[in-house]
Amino acid sequence: MAAAHLRIYTINKGQMDSWLDLFHSKLIPVLHEAGFGVSSSWVNDLGTQFIWIRTCDQLEDIPKLEEKFYGSDWWQANVDYVRSHVAHREIVVMTSTGD
């Protein structure tokens, strides 16, 4: 069953442009390399939240893919910089209903 994370990040004030550049130029390629898809992303109307959907083929795959992503050389070298943009995050796990 296909699975996804709806991920809502509150981005620190004044860092949205930097976050968007980081996400699109660096994070998406590393996520793809680990086996995740990114189906879409948005910024809320106040410009304070970044909302995106991270996908994978099966719910059971998430731990293995996260291990690959979070264990990557790129993540290990950049984790503090990435996290310095995010004030808060909310993650909702979703599975396909087959529709």
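Residues numbered from 1 in each chain as written. Predicted model: local features only at pLDDT ≥ 70, side-chain atom pairs only at ≥ 80, totals over all residues. Heavy atoms only, no water.

Caption draft 1: Spatial organisation of helix α2 (residues 62-70). All buried positions along α2 are accounted for by I62, L65 and F69. Taken around the axis of α2, the buried residues stretch over an arc of 70 degrees, which confines them to a single face. In this structure, α2 carries P63, K64 and E67 as exposed residues pointing more than 90 degrees from its buried face. The inward-facing, buried residues of α2 contact β1 (3-11), α1 (16-34), β3 (49-56) and α3 (73-83). (Buried < 20%, exposed > 50% of the residue type's maximum accessible area, 1.4 Å probe, protein only. Helix = DSSP H or I, 4+ residues; strand = E, 2+ residues; numbered from the N terminus. Arc of directions from axis to C-beta. Contact = heavy atoms within 4.5 Å.)

Caption draft 2: Quick peek at the pattern of salt bridges. Under the counting rule described, the total for this entry stands at one salt bridge. Between R54 and E66 there is a salt bridge; the shortest N-O distance is 2.6 Å. Here R54 is found in strand β3, whereas its partner E66 is found in helix α2, with 12 residues between them in sequence. Looking at E66, the relative accessible area reads 21%, which means it is partly exposed. (Salt bridge = Lys/Arg side-chain N within 4 Å of Asp/Glu carboxyl O.)

Caption draft 3: Focus on the pairing of strand β2 (residues 37-43). Strand direction decides the pairing type here: β2 and β3, joined by six bridges, are antiparallel. The residue bridging G37 from the neighbouring strand is T55, located in β3. (Pairing = 2+ DSSP bridges.)

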